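Here's the letter readout for the chains.
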Amino acid sequence: MGMDVYGKAPTTDAGEYFRNNVWWWHPLADFLLTTYPDLTEACTYWHSNDGDGLDAATSLALAEAIERDLASGKVAEYARRYEAEVGALPDEECTICRGAGIRTDAIGQEYGYDQPRDPDTGKGGCNGCSGTGRTPAWETHYPFDAENVKGFAAFLRGCGGFEIC
Ligand SMILES: [Zn+2]
């Protein structure tokens, strides 16, 4: 599952199409919405596949704003802050075993996940958390980096307006 972003009147190869899977798309959309509220407000549905988007002039203005912030290091700074915030989130209780470290359901019994993990063999224990009962915070699944922003800026510059599908 992902977000397919189509250029409406592309003038460059990069402007024809941009794709992020959902894990990459949501942090990117959040970055755009919080950093450029004036330039992004014409599009309501940034987070869904509803065909919403921006016109050619706004896409170009947004591309220029992003490129300016890429050059100044502002995007890299945002990425550092984002990573630090996500990295500081505490681990969560494993949703498969509810923190027990073993799973006693039918699958757990079939595959031996219902026994505590043996530290020597690495066998046993809940397969969702390697038997620890804890998993990284959900937000760690959502990556963000300046390179992805750069790719989207290149798309924006040449797309002639876009739709998120
Ligand atoms: Zn678990």
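Worth saying up front: this structure is predicted, and the values here are computed from it rather than measured.

Some thoughts on the pairing of strand β1 (residues 2-7)
Here is the key point about a regular strand: its side chains alternate between the two faces of the sheet.
Thinking step 1. Here β1 lies mainly inside the structure; five of its six residues are buried.
Thinking step 2. Relative to strand β2 (residues 17-21), β1 runs antiparallel, the two sharing five bridges. Counterpart to Val 5 in the pairing with β2 is Phe 18.

Describing the nonpolar core
Thinking step 1. Counting 31 residues, the largest nonpolar core has Trp 25, Trp 46, Phe 152 and Phe 162 as its most contacted members.
Thinking step 2. Ignoring any residue separated from it by four or fewer positions in sequence, one finds Trp 25 in contact with Met 3, Val 5, Phe 18, Asn 20, Trp 46, His 47, Phe 152 and Ile 164.

So, the coordination of the zinc ion
Tetrahedral metal sites with four donors have an ideal angle of 109.5 degrees; octahedral sites with six donors have ideal angles of 90 or 180 degrees.
Thinking step 1. At the metal site, the zinc ion is ligated by Cys 94 (SG), Cys 97 (SG), Cys 126 (SG) and Cys 129 (SG), and these contacts range over 2.2 to 2.3 Å.
Thinking step 2. Between the four donor atoms coordinating the zinc ion, the angles at the centre fall across 105 to 113°, so the site counts as tetrahedral.
Thinking step 3. With a relative accessible area of 1%, Cys 94 lands in the buried category.
Thinking step 4. Residue Cys 126 is classed as buried on the basis of its relative accessible area, which comes to 0%.

Details of the pattern of salt bridges
Thinking step 1. Counting across every chain of the model gives seven salt bridges.
Thinking step 2. Where Arg 80 meets Glu 77, a salt bridge forms, and the shortest distance between an N and an O atom there is 2.9 Å. With Arg 80 and Glu 77 both in helix α4 (residues 74-87), this residue pair falls three residues apart, about one helical turn.
Thinking step 3. Among the residues examined, Arg 80 registers a relative accessible area of 51% and is labelled exposed.
Thinking step 4. A network of salt bridges, in which partner residues are shared, links Glu 64, Glu 67 and Arg 157.

What to know about the packing of helix α1 (residues 22-35) against helix α6 (residues 146-159)
Two quantities define a packed helix pair, namely the angle between the helix axes and the distance between the axes.
Thinking step 1. It is the contact of α1 with α6, at a shortest axis distance of 11 Å, that shows an interaxial angle of 75°. As summarised for this structure, α1 and α6 are arranged roughly perpendicular, according to the angle between their axes. Judged by residue contacts, Trp 24, Trp 25, Leu 28, Phe 31 and Leu 32 of α1 engage Asn 148, Val 149 and Phe 152 from α6.

Concerning the side chain of Thr 40
Thinking step 1. Tracing the sequence through the fold places Thr 40 in helix α2 (residues 37-40).
Thinking step 2. For Thr 40, a relative accessible area of 0% gives the class buried.
Thinking step 3. A distance of 3.5 Å separates the side chain of Thr 40 from the backbone oxygen of Pro 37, its partner in a polar contact.
Thinking step 4. Beyond its immediate chain neighbours, meaning those up to four positions away, Thr 40 contacts Leu 32, Leu 33, Trp 46, Leu 54 and Leu 62.

Details of the domain arrangement of the chain
Thinking step 1. Assigned domains within the chain: domain 1 (2-87 + 140-164) and domain 2 (92-136).
Thinking step 2. Between the C-alpha centres of domain 1 and domain 2 the distance comes to 39 Å.

What to know about α4
Thinking step 1. For α4, spanning 14 residues, the distance from its first C-alpha to its last is 20 Å, which sits close to the expected 20 Å at 1.5 Å a residue.
Thinking step 2. All buried positions along α4 are accounted for by Val 75, Tyr 78, Ala 79, Tyr 82 and Val 86. Mapping the buried residues of α4 onto a view down its axis gives an arc of 100°, with all of them on the same face. Turned more than 90 degrees away from the buried face of α4 sit Arg 80 and Gly 87, all of them exposed.
Thinking step 3. Elements in contact with the buried residues of α4: α1, α3 (56-72) and α6.

Analysis parameters
Residues numbered from 1 in each chain as written. Predicted model: local features only at pLDDT ≥ 70, side-chain atom pairs only at ≥ 80, totals over all residues. Heavy atoms only, no water. Buried < 20%, exposed > 50% of the residue type's maximum accessible area, 1.4 Å probe, protein only. Helix = DSSP H or I, 4+ residues; strand = E, 2+ residues; numbered from the N terminus. Pairing = 2+ DSSP bridges. Core = buried A, V, L, I, M, F, W, Y, C linked by side-chain atoms within 4.5 Å. Contact = heavy atoms within 4.5 Å. Donors = N, O, S within 2.8 Å, 3.2 Å for Na, K, Ca; no water. Tetrahedral: all angles 85-135°; square planar, octahedral: opposite > 155°, others 65-115°. Salt bridge = Lys/Arg side-chain N within 4 Å of Asp/Glu carboxyl O. Axes fitted to C-alpha atoms, helices over the stretch in contact; angles between N-to-C directions. Parallel < 35°, antiparallel > 145°, perpendicular 65-115°, else oblique. Polar contact = N/O pair within 3.5 Å; in protein donor to acceptor, adjacent residues only side chain to side chain. Domains from an automatic or database assignment. Expected span 1.5 Å × (residues − 1). Arc of directions from axis to C-beta.

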